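Coordinates in review
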Amino acid sequence: MKKKSVSRICLSLFMGASICMSSTSMVFAAEETENAAEVSAETEESESTDEEDLVDLTAFCTDGEYRYKGIPWLASKEEIEEATGVTLPEAKELLPEWTNLENPVEFQGEAGYMEMNFLKDGVTDVTFCFGVEPEEMGKYDGDLTELSENVLYRLTEQYGEPVRKIENIVDNVGVVRSYQWREEKDGEVNSVLNMQCLFVPDEERMYRLSFGVGSIGEAFELREELGYAPE
């Protein structure tokens, strides 16, 4: 897979806390989740593989905190490998003391990748991505709408209604629909579960789906120290 550029980093679900672009925003109606709830949770899936096992929608929360498969935030790559039983590729440096890795996954017949960001070798977020980047949408003829509806249904069934639902219109990206679940600690957001859907401009065809968990509390001091904390 090609190395990520800094412009793509701006679309990260967690490192920037939000899309780093000017946009027109509006909270959209709860009917979105209700429509997704009509999608059957009993979708037949192919036989399990290591790549499919990594995408576990029930493994995003442990002891009330949003984290992946119970792995503590700021765990090392080696600790993640031990917990998952999967050998991960080497992380590549994006910026000083900020590294990133991508590992192939498959979910309900769609190929994608699991992305992890690390600050000072400690994991700060885990995201599953399907489809293509905005600059490649013109070459993509697929539609991830059905997959996203199933994911939203299952996340809502597992973790309740998202506390935040936002629709943005972003130049050169299209319509961006975002959902967020939050875990609070001492009155502050400590960890989040996010889901993001990107649609081709002027179409109801989805070309990118991302969902995963991120640390806010545990990673904030590191982000601030390194100058990567959102303003």
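In case you missed it, the structure is sitting above this.
Now for a quick tour of the structure. If you're wondering where the values come from, they're calculated on a predicted model, not measured in any experiment.

Criteria and cut-off values
Residues numbered from 1 in each chain as written. Predicted model: local features only at pLDDT ≥ 70, side-chain atom pairs only at ≥ 80, totals over all residues. Heavy atoms only, no water. Helix = DSSP H or I, 4+ residues; strand = E, 2+ residues; numbered from the N terminus. Buried < 20%, exposed > 50% of the residue type's maximum accessible area, 1.4 Å probe, protein only. Areas by Shrake-Rupley, 256 points an atom, 1.4 Å probe, with all protein chains shown as cover. Arc of directions from axis to C-beta. Contact = heavy atoms within 4.5 Å.

**Structural notes on the overall build of the protein chain**
In terms of helices and strands, the protein chain carries six helices and 11 strands. Taken over 231 residues, the protein chain has a buried fraction of 51%. Accessible area of the protein chain: about 11,700 Å², with a carbon and sulfur share of 45%.

**Concerning helix H6 (residues 217–226)**
Ala219, Leu222, Arg223 and Leu226 are the residues of H6 that are buried. Angular distribution of buried residues about the axis of H6 spans 100°; they occupy a single face of the element. Seen from the open side of H6, the exposed residues pointing more than 90 degrees away from its buried face are Glu221, Glu224 and Glu225. In this fold, the buried residues of H6 make contact with strand E6 (110–119), strand E7 (122–131) and strand E11 (206–215). Gly227 sits one or two positions beyond H6 and adopts a positive phi of about 85°.

**Points about unusual backbone geometry**
The phi dihedral of Lys120 falls on the positive side, at around 50°, and the residue is not glycine. Here Lys120 lies in the loop between E6 and E7. For Lys120, a relative accessible area of 36% puts it in the partly exposed group. Within the chain, Asp121 stands out as a residue other than glycine whose phi angle is a positive 70°.

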